[in-house]
Amino acid sequence: MGCWRVPSTVLVCLLLLRPPPSPACPAACRCALGEVDCSRQGLPEVPKSLPTNTSRLWLGYNFIMVLGQHSFPPLPELLLLSLPHNGLEIIHSLALVGLRALQELDLSNNYLTVLTPETFLPLSSLTMLNLGSNRLEELQPEVLSALPQLQALLLQNNPWVCSCSILPLWLWLSHNREKVQDKRSVLCRVPEHLDKYPIMALGNESFRHCRDTSLSTQQYIIFLTIGPFSFMVSIVFCIFMGSITVAYHNLCREPHLCRRSHTRRGH
């Protein structure tokens, strides 16, 4: 029996050092060579367990309306995530944590209206982002600035509101033209006179009124300083004039003072 102790100890150590088995392929999906296809399965959410070696994940044409906090298990090798045609409305700021290797993200043909910079912070390797055919009226440039490796961006078929609020996005697009795919399809929807006008064809003159009506920090400080100061001066002046008027009326109540005053005026 003693001769089996050493091999058994070695076997136990090997079993302990062995990495845990990868989760099996979800029943609704098809898995092969790191590719997991869960599209067109009527899924209301992302499958809870996915193979850890997944490199390409297809989730299009389902009913995933919300990506909540930590919607995905850790997938350190995931390079492509496809989520089009899901009726997706909300993406939690921590929904994409654990996808640090992701390079391509397709969120097209959904109902997204708002995106926050925190959402894409975990995706430092992302090179392609498809936001086409959503309900985005504006987009904070900080959302795109959070993607240092971004090379291709699709924004077509969104109801962009080309008012002063879109100026920051227009500036980002103007400085990153090479990253914007199909520029002619990024069109204004509002106001009416700019309907179907390419955002990137707008010039500086289109936003001149936005810059003219905005106040600088120094102007705000001056405005906030002069306003209360003028108000206080007016109050002091009113009190001073009121005091003079009251004093004069009090003097006139003394007949001899008033007569003396009138007599001096006569001379």
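These figures come from a predicted structure and were not determined experimentally.

Even after reading the chapter, I still don't get the nonpolar core, so can you show me in this structure?
Considering soluble globular proteins, one finds that nonpolar side chains tend to be buried as a cluster. Core analysis: the largest hydrophobic core is formed by 55 residues, its most contacted members being L59, F72, L81, L105, L107, F120 and L129. Within the residue set of this core, elements represented by two or more residues are α3 (141-145) and α4 (167-175). Not counting chain neighbours up to four residues away, the residues in contact with L81 comprise L57, L59, F72, L96, L99, L102, E104, L105 and D106.

Where do I start with the side chain of S108 in this structure?
Position of S108 among the secondary structure elements: in the loop between β7 (104-106) and α2 (117-120). Exposure remark for S108: the relative accessible area of 5% places this residue in the buried category. Only 3.4 Å separates the side chain of S108 from the side chain of N109, close enough to count as a polar contact. Those residues within four positions of S108 in sequence are excluded, and the remaining contacts are L83, P84, H85, N130, G132, S133 and N134.

Looking at this structure, how should I read the side chain of S82?
Within the secondary structure, S82 sits in strand β5 (residues 80-82). If near-sequence neighbours (up to four positions away) are discounted, S82 is found in contact with L57, W58, L59, G60 and D106.

I keep staring at the state of the cysteines and nothing clicks. Help me out?
One pass over the structure, following the stated rule, counts four disulfides. The partner cysteine of C29 in its disulfide is C38, sulfur to sulfur 2.0 Å. For the disulfide bridge between C29 and C38, the dihedral angle about the S-S bond is near 105°, and by the sign convention the bridge is right-handed. For C29, a relative accessible area of 9% translates into the label buried. What pairs with C164 in a disulfide is C210, and their sulfur atoms sit 2.0 Å apart. On the sign convention where negative is left-handed, the bridge of C164 and C210, at about -85° about the S-S bond, is left-handed. Of the two residues, C164 is situated in the loop between β10 (160-161) and α4 and C210 in helix α5 (residues 208-213); the sequence distance between them amounts to 46 residues. For C164, a relative accessible area of 33% translates into the label partly exposed.

What is the right way to look at the packing of aromatic side chains in this model?
Two measures describe an aromatic ring pair: the distance that separates the ring centres and the angle between the ring planes. The full count for this structure, using the stated rule, is one aromatic pair. Arranged with centres 4.9 Å apart and planes meeting at 40°, the rings of W170 and F207 form a pair that is tilted. Highlighted residues: W170 in helix α4 and F207 in the loop between β11 (188-190) and α5, separated in sequence by 37 residues. Above the face of the Y61 ring, R40 is positioned so that its terminal group lies 3.9 Å from the ring centre. Over the ring of Y111 we find R135, and its NZ or CZ is 4.0 Å from the ring centre.

Looking at this model, I keep getting lost on unusual backbone geometry. Mind explaining?
Glycine aside, the phi torsion of most residues is negative, and most peptide linkages are trans. Omega for the bond connecting V190 with P191 falls within 30 degrees of zero, at 0°, which places this linkage in the cis form. Secondary-structure assignment places P191 in the loop between β11 and α5. Despite not being glycine, Y61 has its phi angle at roughly 60°, a positive value. Within the element layout of this structure, Y61 appears in the loop between β3 (56-58) and β4 (66-67). Residues other than glycine seldom take positive phi values, yet K196 does so here, at roughly 70°. With respect to the element layout, K196 can be found in the loop between β11 and α5.

Looking at this structure, I do not really get the environment of F120. What am I missing?
By the secondary structure assignment, F120 is in helix α2. Note: C-alpha distance between F120 and L94 (26 residues apart in sequence) is 8.8 Å.

Before we go on, may I ask you to explain the sheet that holds β5 in this structure?
Backbone-to-backbone hydrogen bonds join strands into a sheet, with any given pair of strands oriented parallel or antiparallel. Here we have seven strands laid out as an open sheet, ordered β1-β2-β3-β5-β7-β8-β9, and mixed in their pairing. Strand pairing shows two members of the sheet lacking a second neighbour, β1 (30-32) and β9 (152-154), which therefore form its edges. Going across the sheet, the axis of each strand differs from the next one's by a mean of 5°, ignoring polarity. Examined bridge by bridge, β7 and strand β8 (residues 128-130) share three bridges and lie parallel to one another. Bridge pairing in β8 places L105 opposite L129.

So what exactly am I meant to see when it comes to the confidence of the model for the protein chain here?
The predicted structure's coordinates, where accompanied by low pLDDT, should not be read in detail. Counting all residues, the mean pLDDT for the protein chain is 84, and 76% of those residues have values of 70 or more. Per-residue pLDDT stays below 50 along residues 1-6; that stretch engages in zero contacts with residues further than four places along the chain or on separate chains. Scored below 50 in pLDDT, residues 10-21 shows zero contacts in the model against residues more than four places distant or in partner chains.

Cut-offs used in this document
Residues numbered from 1 in each chain as written. Predicted model: local features only at pLDDT ≥ 70, side-chain atom pairs only at ≥ 80, totals over all residues. Heavy atoms only, no water. Core = buried A, V, L, I, M, F, W, Y, C linked by side-chain atoms within 4.5 Å. Buried < 20%, exposed > 50% of the residue type's maximum accessible area, 1.4 Å probe, protein only. Helix = DSSP H or I, 4+ residues; strand = E, 2+ residues; numbered from the N terminus. Contact = heavy atoms within 4.5 Å. Polar contact = N/O pair within 3.5 Å; in protein donor to acceptor, adjacent residues only side chain to side chain. Disulfide = S-S within 2.5 Å. Phe/Tyr/Trp six-rings, centres within 6.5 Å; stacked < 30°, edge-to-face > 60°. Lys NZ or Arg CZ within 6 Å of the ring centre and 35° of its normal. Pairing = 2+ DSSP bridges. Axes fitted to C-alpha atoms, helices over the stretch in contact; angles between N-to-C directions. pLDDT = per-residue confidence, 0-100.

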